[in-house]
Amino acid sequence: MVLIKEFRIVMPISLEEYEIAQTYMVMKMVEENTTSTEGIEVLESRPFEDDAYGKGQYTSKVYRLQSKAPAWLSKLAPAHALVMQEEAWNAYPRCKSVLKCPYFTKFQLTIETVHRADNGRSENVHGLSKEQLAARQVEYVDIAFPGKDCWSYLVGRCSQDFSKFKSARTGRGPLLKGWQDRCDPVMTAYKLMKIDAPYWGFGRQLEQTMLAGERALFLETHRHCFDWIDKWYGMTMQQIYELEQQNNSTLDEKPVKPAPPLSSEHIDGGSLDSEGIYSKYHVAHTYVVMKMSQQHTTGNEGIEVLENKMFEDNALGKGRYTNKVYHLQSKVPAWLTTFAPADSLIMQEEAWNAFPKCKSVMKCPYFPRFQLTIETVHRPDKGQSENVHGLSEEQLATREVEYIDIASTEKDYWSYLVGNNNVDFSKFKSEKTGRGPLLEGWQDRCDPVMTAYKLVTIDAPYWGFGYRLEQALISGEKALFTESHRNCFSWIDEWCGMTLQQVREVEQQTQSALNEKLGKPTLATRMEG
């Protein structure tokens, strides 16, 4: 069965401006995303004329997008399976493109676009039949909000906050809730997608992959169209074509992404300070995130923050919401690589931090049924509270409890991967606070004291290796909890006495230095407060 979906993208520009904006955007995104191994090759470009579209421009292209191939697809096909061939007929305001893949000969994706000077309320601009309308799905794509999924990250994310953006040349913006019904000028790109992937066993997954990828591309390109309005506004098509010719020379390979800081959910555990517990722990936590980021930054792995905003709900109250993508390819255990590629440990995390309560949910696009949830409660006690998470009797019966002693120097495989803190706390004493050493039974004697109660729930319903995957992740999380909290105490003389503002200032300097070292990141990287 052919999948039919219509995306409607409303834009705060006129129909005439859109043609210029789109041409400028395509030119610039090709420039920014071209590397020595991937990009777009134009095989043919010429005028055309037919009865269906009238006069326009025909192009034939080859897209080399090997790095964008999802991990599951690489098990069925080699990396070049995402070499795509496209034929396009552009007779603006109507366009059509057909994408095929030489590796999957029966696959075909068709995109028919109609541009209208309205706010997306036209119901059948493509002239579909009753049967097609019944099968069609409609989705409005709001350019005011950035994408939150893995494909948005892969496509390359526009980090502009349109709720605060205002064009200097046109005065348009900001885009606040309901902007589509108020803005003038306004136009809509109606994009009708038809995907045919008649492959037993993975055809449905291939359809959903292409659908998610195209949606992310539509969102990213149209966000850029408005973000760059002060660059293209006032230009003519001739000027853009001349600029395009200048950019046809070979482009330098772009710098790789930096590895931003570790997840604050993993570090939101107990410091040894219950006197002013929340404010002092906040300083310690922020300092540790900053310093571990500096120590662990590399040119090819780390964390990208897709979204960082305040939230409020009935369960946690007020706090900070973050949406992140983790690239942890080198951390994949050897046994897992026997049936999954290195990028199987690309993880997506949503986190709600309302200290002293926090929650994070991690998923993996390669294993779509997998989910890891961490719920954290911080208490000014010694870890003896028995049910801080309010579990039922059935949940308490299945729960396993483990005390993590930050004084322990126990080493395992995951400890080495995370990065081992070698301070011997049996001999360590803080010069500023006099705390330490941590000898056997220190938890019962120290004052002040606090505990992070971290409830980890893992669901990996995969026959044959689900249990092993669960155990690997439990071990990895334990190692990360231990390392981050050992650092909290071993660095106490560095952060003790600092204000949160002072830590933030050092944090900004550190991030600037990393950006200079690694090159400008594709996505904005922000620390969770």
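Because the structure is a prediction, the values reported are computed rather than measured.

### Some remarks on the pattern of salt bridges
Opposite charge on two side chains lets them pair, provided their charged atoms get close.
Then, number 1: All told, the structure shown has 12 salt bridges when counted by the stated rule.
Then, number 2: Among the salt bridges present, the one from K5 reaches E139, with a minimum N-O distance of 2.8 Å. Residue K5 is found in strand 1 (residues 3-11), and its partner E139 is found in strand 7 (residues 137-141); the two are separated by 134 residues along the sequence.
Then, number 3: The class for K5 is buried, based on a relative accessible area of 12%.
Then, number 4: In this structure, E123 engages R136 in a salt bridge whose closest nitrogen and oxygen atoms are separated by 3.9 Å. You can see E123 sitting in the loop between strand 6 (104-116) and helix 3 (130-135) and its partner R136 sitting in the loop between helix 3 and strand 7, a full 13 residues away along the chain.
Then, number 5: Taking relative accessible area as the criterion, E123 reaches 48% and is therefore assigned partly exposed.
Then, number 6: If you follow the salt bridges from partner to partner, you end up with E6, R8, E123 and R136 in one network.

### Side note on unusual backbone geometry
Then, number 1: Of note, the bond from Y92 into P93 is cis; its omega dihedral lies within 30 degrees of zero at 15°.
Then, number 2: Residue placement: P93 occurs in the loop between strand 4 (83-91) and strand 5 (94-101).
Then, number 3: The linkage connecting D184 with the following residue, P185, adopts the cis geometry, with an omega of 10°.

### Thoughts on the environment of K191
Then, number 1: Within the secondary structure, K191 is located in strand 8 (residues 187-196).
Then, number 2: A relative accessible area of 9% means that K191 is categorised as buried.
Then, number 3: Measuring from C-alpha to C-alpha, the distance between K191 and R215 comes to 10.0 Å, with 24 residues separating the pair along the chain.
Then, number 4: With residues up to four places along the chain from it excluded, the contact list for K191 reads K5, E6, F7, I9, I111, E112, T113, H126, F218 and H222.
Then, number 5: Only 3.1 Å separates the side chain of K191 from the side chain of T113, close enough to count as a polar contact.

### As for a nonpolar patch on the surface
Then, number 1: A cluster of nonpolar side chains, contributed by V26, V30, I40 and V42, occupies part of the molecular surface with about 280 Å² of accessible area.
Then, number 2: For V26, the location among the structural elements is in helix 1 (residues 15-33).
Then, number 3: A relative accessible area of 38% places V26 in the partly exposed class.

### Overview of helix 13 (residues 466-490)
Then, number 1: Along its 25 residues, helix 13 runs 36 Å from first to last C-alpha, staying within 8% of the 36 Å computed at 1.5 Å per residue.
Then, number 2: Most of helix 13 is tucked away, with 18 of its 25 residues classed as buried.

### Notes on the confidence of the model for the protein chain
Then, number 1: Mean pLDDT for the protein chain: 79, with 73% of residues reaching 70 or above.
Then, number 2: In this model residues 249-275 is a low-confidence stretch, pLDDT under 50, and it forms 116 contacts with partners more than four residues away in sequence or in other chains.
Then, number 3: pLDDT under 50 marks residues 511-529. Its contacts with residues more than four places away, or in other chains, come to 53 contacts.

### Observations regarding the packing of aromatic side chains
Then, number 1: Going through the model one piece at a time under the given rule, you end up with 12 aromatic pairs.
Then, number 2: With 5.6 Å between their ring centres and 70° between their planes, F7 and F218 make a pair best called edge-to-face. Of this pair, F7 sits in strand 1 while F218 sits in helix 5 (residues 203-227), and the two are 211 residues apart along the sequence. Take F7 and F218: they sit in the same class, and that class is buried.
Then, number 3: Taken together, the aromatic side chains of F162, F165 and F226 make up a single cluster linked through ring pairs.
Then, number 4: Of note, R94 hangs over the ring of Y53, and the distance from its end group to the ring centre comes to 4.8 Å.
Then, number 5: Stacked on the ring of Y462, the Lys or Arg R369 has its end atom at 4.5 Å from the ring centre.

### Digging into the nonpolar core
Then, number 1: Among the nonpolar cores identified, the biggest contains 52 residues, and M11 and F107 are the most heavily contacted of them.
Then, number 2: For this core, the elements supplying multiple residues, two or more each, are strand 1, helix 1, strand 5, strand 6, strand 8, helix 5, helix 6 (229-232) and helix 7 (237-246).
Then, number 3: No other element matches helix 1, which puts eight residues into this core.
Then, number 4: Beyond its immediate chain neighbours, meaning those up to four positions away, M11 contacts Y18, I143, W179, P185, V186, M187, H222, C225 and F226.

The rules we used
- Residues numbered from 1 in each chain as written.
- Predicted model: local features only at pLDDT ≥ 70, side-chain atom pairs only at ≥ 80, totals over all residues.
- Heavy atoms only, no water.
- Salt bridge = Lys/Arg side-chain N within 4 Å of Asp/Glu carboxyl O.
- Helix = DSSP H or I, 4+ residues; strand = E, 2+ residues; numbered from the N terminus.
- Buried < 20%, exposed > 50% of the residue type's maximum accessible area, 1.4 Å probe, protein only.
- Contact = heavy atoms within 4.5 Å.
- Polar contact = N/O pair within 3.5 Å; in protein donor to acceptor, adjacent residues only side chain to side chain.
- Patch = residues over 30% accessible without salt bridge, like charges linked within 9 Å, V, L, I, M, F, W, Y side chains within 5 Å.
- Areas by Shrake-Rupley, 256 points an atom, 1.4 Å probe, with all protein chains shown as cover.
- Expected span 1.5 Å × (residues − 1).
- pLDDT = per-residue confidence, 0-100.
- Phe/Tyr/Trp six-rings, centres within 6.5 Å; stacked < 30°, edge-to-face > 60°.
- Lys NZ or Arg CZ within 6 Å of the ring centre and 35° of its normal.
- Core = buried A, V, L, I, M, F, W, Y, C linked by side-chain atoms within 4.5 Å.

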